[in-house]
Amino acid sequence: MKILVLNSGSSSLKFQLFEIKEKEHVLIKGIADGIGLNNSFIKYEIEGNSKKIRKKIKNHRVALKNVLGIILDNRIISLLSEIKAIGHRAVHGGEEFKKTVLINDKVMKKIKELSELAPLHNPANLIGIRVCKELLPSVKQVAVFDTCFHSSIPEKAFIYGIPYKYYKKYGIRRYGFHGTSHYYVSKKAAEILKKDYNKLKIITCHLGNGSSIAAVMNGKSIDTSMGFTPLEGVVMGTRCGDIDPAIIFFLMKKEKLSVKEMDNILNKKSGLLGISGISPDVRVLWNNEKKGNKRAHLALDVLAYRITKYIGSYIASLNGVDAIVFTAGIGENAYYLRERILKQFEYIGLRIDKKKNENNETIITAKDSKVVAMVIPTNEELQIARETLRVVKGN
Ligand code: ADP
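Numbering of residues begins from 1 in every chain and follows the order in which that chain's sequence is written. pLDDT decides what is reported in this predicted model: residues at 70 or higher carry local features, side-chain atom pairs at 80 or more are listed and counted, and totals for whole chains, interfaces and linings draw on all residues regardless. With hydrogens and water set aside, each side-chain value is computed from the structure's full complement of heavy atoms.

A. Molecular detail of the sheet that holds strand β11 (residues 220-224). We call two strands paired when DSSP finds no fewer than two bridges between them. Labels follow the DSSP assignment, with helices taken as runs of H or I lasting at least four residues and strands as runs of E lasting at least two, numbered in each case from the N terminus. Spatially, five strands are ordered β11-β10-β9-β12-β13 in an open sheet, and the strand pairing comes out mixed. Each edge of the open sheet carries a strand with a single partner, namely β11 and β13 (372-375). Each neighbouring strand pair of the sheet contributes to a mean axis angle of 25 degrees, computed without reference to strand direction. Both strand β9 (residues 201-207) and strand β10 (residues 211-217) contribute to a ladder of seven bridges, which runs antiparallel. Bridge pairing in β10 links isoleucine 202 to valine 216. The contact criterion used throughout is that any non-hydrogen atoms of two residues lie within 4.5 Å. Orientation is described by axes fitted as lines to C-alpha atoms, over the contacting stretch for helices, and by angles from 0 to 180 degrees between their N-to-C directions. Together, β12 (323-327) and β13 form the strand contacts of helix α13 (residues 335-342), whose direction differs from that of β12 by roughly 155 degrees.

B. View of empty space enclosed by the protein. Here a cavity means grid points, on a 1 Å grid over the protein atoms only, where a 1.4 Å probe fits yet cannot get out; a pocket means an open set of points with protein on both sides within 12 Å along at least five of seven lines; lining residues are those with an atom within 4 Å of a point. Grid points are joined across faces, edges and corners, and a volume is the space filled by probe spheres set on the points. With the rule as written, the count across this model stands at one cavity of 30 Å³ or more. Volume-wise, the largest cavity comes out at about 60 Å³. Think of it as three bins: nonpolar holds Ala, Val, Leu, Ile, Met, Phe, Trp, Tyr, Cys and Pro, charged holds Asp, Glu, Lys and Arg, and polar takes everything else, Gly as well. When grouped by side-chain class, the residues that make up the lining of the largest cavity number three nonpolar, four polar and three charged.

C. Up close: the layout of surface pockets. Of the volumes computed, that of the second largest pocket is approximately 410 Å³. Lining the second largest pocket are 20 residues, with Lys98, Cys148, Phe149, Tyr183 and Glu387 positioned closest to its centre. For the lining of the second largest pocket, the elements supplying multiple residues, two or more each, are β8 (140-145), α6 (179-193), β11 and α15 (380-392). In terms of residue class, the lining of the second largest pocket is built from six nonpolar, nine polar and five charged.

D. How the structure looks around the pattern of salt bridges. Salt-bridge detection follows one rule: a side-chain nitrogen of Lys or Arg within 4 Å of a carboxyl oxygen of Asp or Glu. Taken as a whole and judged by the stated rule, the model has 19 salt bridges. We note a salt bridge from glutamate 95 to arginine 173, for which the minimum N-O separation is 2.7 Å. On the criterion of sequence distance, the pair formed by glutamate 95 in the loop between β6 (83-90) and β7 (101-102) and arginine 173 in the loop between α5 (164-170) and α6 is long-range, its members being 78 residues apart. A 1.4 Å probe rolled over the protein chains alone gives each residue an accessible area, and that area as a share of the maximum for its type sets the label: buried under 20%, exposed over 50%, partly exposed in between. Overall, glutamate 95 belongs to the partly exposed group, its relative accessible area being 32%. In this structure arginine 173 comes out as buried when scored by relative accessible area, which is 5%. The shortest N-O distance in the salt bridge between lysine 133 and aspartate 105 comes to 2.9 Å. With lysine 133 in helix α3 (residues 122-135) and aspartate 105 in helix α2 (residues 105-113), this residue pair connects regions lying 28 residues apart in the sequence. What makes lysine 133 partly exposed here is its relative accessible area of 39%. Residues participating in the shared-partner salt-bridge network are Glu96, Lys109, Lys110 and Glu113.

E. Main features of the packing of helix α1 (residues 60-73) against α3. Between α1 and α3, the shortest axis-to-axis distance is 9 Å and the interhelical angle comes to 55 degrees. The orientation of α1 relative to α3 falls into the category oblique. The handedness of the crossing between α1 and α3 is right-handed. Counted together, His60, Arg61, Leu64 and Lys65 of α1 and Ile127, Val131, Cys132, Glu134 and Leu135 of α3 form the full contact between these two elements. Across the contact of α1 with α3, the residue classes break down as five nonpolar, one polar and three charged. For classification purposes, angles smaller than 35 degrees are called roughly parallel, those larger than 145 roughly antiparallel, those between 65 and 115 roughly perpendicular, and all remaining angles oblique. For any helix crossing, the convention is left-handed if the near helix is rotated counterclockwise from the far helix by under a right angle, and right-handed if that rotation is clockwise.

What follows is the structure, given as structure tokens:
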């Protein structure tokens, strides 16, 4: 069965077309970027060969039309009716969506209502859904939410220490994000270790532009570092992560900042960029650190320390840990950070294998290590395709 996976952002449309038989195969993948802007383009890859076309892309409708045209022109399929389902990455499912759903008008209305909780993401996801409804009206559409996997988090971990009425009135609670990735890599870890997923304690570290850590107990998320929004948790590229909320009032008063300006500082000017004053990119900071730049060193040190603290606290939440998994851009590559983090867990018998870690191997701990540390590339698109298939088959 051919399944199209779409990730619709405010100015981009990422796509992957999967053929799912006994094996899963990517037929074409790519991105239409700069939608509605001056420098728009479409980049795509077929069997390792990539191509970039610069062209004006007025809106998401034009983007999808172009993508479908590319799929047909390259004879990936001969008729659009060969696409049997479309899986959409949807960001915020609130408390309403605890699992992947088939999209209908009611679901679309609810995603719209949830835009209040994810003003940057949910409206963009909806545009993608609407455009598909228009251009491929007979194809079943499925929404896979970033928040779903964390819907198992117990009340004690999702309630904030503010008046309870605000949870009831506005839905202020921990939701967590990157759920599709945390689920995919934790499940994959169990498969690689040949152990029962439902009997494992796993800590997953999704470290990319946005980062979150999750505690997975017997196949269920029991806590995660991102909260009501993706701003909470570890320090990120440009996001502050956990801070004392009183800092916000202090700064707003001292610097005479509006809510919008403050929001912009915490989301776009903080984190690794804010601390280092150089870059949000770990690769750039690592190069600067090696040249002796103190602030680059400090930014990476803060990052490693925060991640270490989260892992430590989740070991307590889980009452032990079998595997610690690293994924996404930073998690899959920055061996020097993994080393700094994992050496703090020697006390529970974790022994890193320096060479394996430097080579980004799947298992990066020594044979006699009591806890396994792993590097597992995430694949959210594949997980969305699998979920989409399951839902359209009615399982
Ligand atoms: P997103 O969260 O947008 O999906 P990624 O998972 O691709 O992002 O992560 C992007 C980040 O990963 C970059 O900003 C960079 O800091 C980091 N990164 C990517 N490649 C490397 C690398 N080889 N070494 C260290 N860090 C890397």
